[in-house]
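Chain and residue survey
So the chains spell out like this:
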Amino acid sequence: MPIVSSTSSNSKDVLITVSDRFDFSQYKLFRESYCECNTPGTEFRLDLSNANYMDSSALGMLLLLKEHADKIKGKIIIERPNDSINKVLEIAQFHHLMEIVR
């Protein structure tokens, strides 16, 4: 599966793993991976270590996740993007919006 998510038992940690392409074709799965989590202070970790492509629609999806996280006073951490994805994130200045851990 291109997007897999898991939630901790206390519902405060959500791990979303993206494989292969992160683009608009993943919109529905990506949205479903976080939209049911409304626990205040939730930390959303987005593991991109297995993703090899990201486009502008994925940036838009990240902004929707940020909007959701902000609403519940949560936090987003993007983990292990490859060099090309990290470059997309840098150009879009996403390091100002969320934590990126290489």
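About the cut-offs
- Residues numbered from 1 in each chain as written.
- Predicted model: local features only at pLDDT ≥ 70, side-chain atom pairs only at ≥ 80, totals over all residues.
- Heavy atoms only, no water.
- Pairing = 2+ DSSP bridges.
- Helix = DSSP H or I, 4+ residues; strand = E, 2+ residues; numbered from the N terminus.
- Axes fitted to C-alpha atoms, helices over the stretch in contact; angles between N-to-C directions.
- Contact = heavy atoms within 4.5 Å.

Right, let's get into the sheet that holds strand S4 (residues 75-79). By definition, the strands of a sheet pair up through backbone hydrogen bonds, in either a parallel or an antiparallel sense. The 5 strands lie next to each other as S1-S2-S3-S4-S5, forming an open sheet whose pairing is mixed. The open sheet has two free edges, formed respectively by strand S1 (3-7) and strand S5 (99-101), since each of these has just one partner strand. This sheet shows a mean twist of 20 degrees between the axes of neighbouring strands, independent of strand direction. Where S4 and S5 come together, 3 bridges link them in parallel fashion. Its bridge partner being in S5, Ile78 is matched across the sheet by Ile100. Each of strand S2 (13-22), strand S3 (43-54) and S4 touches helix H2 (residues 56-71); the most contacted strand, S3, lies at about 175 degrees to it. Seen against the sheet, helix H3 (residues 83-91) touches S3, S4 and S5 and runs at an angle of roughly 120 degrees to S3.

Read these as layout, nothing more, since geometry by itself doesn't imply function.
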